[in-house]
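For reference, the chains in residue letters:
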Amino acid sequence: QVQLVESGGGLVQAGGSLRLSCAASGSIFSMNAMGWYRQAPGKQRELVATITSGGRTNYADSVKGRFTISRDNAKNTVYLQMNSLKPEDTAVYYCTCRVTTTNLGEYDYWGQGTQVTVSS
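Keep in mind that this is a model prediction, so the values were computed, not measured.

S.K.: Tell me what's going on with the nonpolar core, and back it up with residues and numbers.
M.R.: Counting 32 residues, the largest nonpolar core has Trp-36, Leu-80, Met-82 and Tyr-93 as its most contacted members. Where this core is concerned, the elements lending two or more residues are strand S1 (2-7), strand S3 (18-26), strand S4 (28-39), strand S5 (46-51), strand S7 (67-72), strand S8 (77-82), strand S9 (91-101) and strand S11 (114-119). Tallying contributions element by element places S9 first for this core, with 5 residues.

S.K.: Tell me about the pattern of salt bridges, and name the residues and values.
M.R.: Tallying each qualifying case throughout the model produces 5 salt bridges. Close ionic contact of Glu-46 with Arg-38 constitutes a salt bridge, the shortest N to O distance being 2.7 Å. Here Glu-46 falls in the partly exposed class, since its relative accessible area comes to 35%. Asp-89 is the partner of Arg-38 in a salt bridge, and the nearest nitrogen-oxygen pair spans 3.0 Å. One end of the pair, Arg-38, is in strand S4; the other, Asp-89, is in the loop between S8 and S9, with 51 residues separating them in the sequence. Pair check on accessibility: Arg-38 and Asp-89 agree, each one buried.

S.K.: A description of the pairing of S3 should follow, citing residues and the corresponding values.
M.R.: Inspection of the sheet shows S1 paired to S3 by 6 bridges, in the antiparallel sense. From the neighbouring strand, Leu-4 faces S3, where its bridge partner is Ala-24. Across 6 bridges, S3 lies against S8 in antiparallel orientation. Residue pairing for S8: Leu-18 is matched across the bridge by Met-82.

S.K.: Can you lay out the environment of Val-63 for me, pointing to particular residues and giving the numbers?
M.R.: Examined against the element boundaries, Val-63 turns out to sit in the loop between strand S6 (57-59) and S7. Looking at Val-63, the relative accessible area reads 0%, which means it is buried. Setting aside residues no more than four positions away along its own chain, Val-63 makes contact with Arg-38 and Val-48.

Conventions and cut-offs
Residues numbered from 1 in each chain as written. Predicted model: local features only at pLDDT ≥ 70, side-chain atom pairs only at ≥ 80, totals over all residues. Heavy atoms only, no water. Core = buried A, V, L, I, M, F, W, Y, C linked by side-chain atoms within 4.5 Å. Buried < 20%, exposed > 50% of the residue type's maximum accessible area, 1.4 Å probe, protein only. Helix = DSSP H or I, 4+ residues; strand = E, 2+ residues; numbered from the N terminus. Salt bridge = Lys/Arg side-chain N within 4 Å of Asp/Glu carboxyl O. Pairing = 2+ DSSP bridges. Contact = heavy atoms within 4.5 Å.

Shown next, in the form of structure tokens:
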């Protein structure tokens, strides 16, 4: 079993910054692709950013140039640095990781979500 624990959400004014973290623990053999999604009230969950095991990144157009995804493989942790935040960034942010477990199965896991609220 693998657990993902997110941290770093909160309330910030427009133009401010937050850094989200998501640490994985448990029966991990290797961490593969990792990413962040978000879901605003009344909307579908949407992709924010992903990063491969080799460090290749992909971003939603709405966050390009403002958000940066990174990972620390030694800590099994993925980060999302969010700068120049806008009220429309307000959402619950979820991390997700594709993990090869110690029994060599490959599974997708999700964090519990962390609230990010940007005031205008």
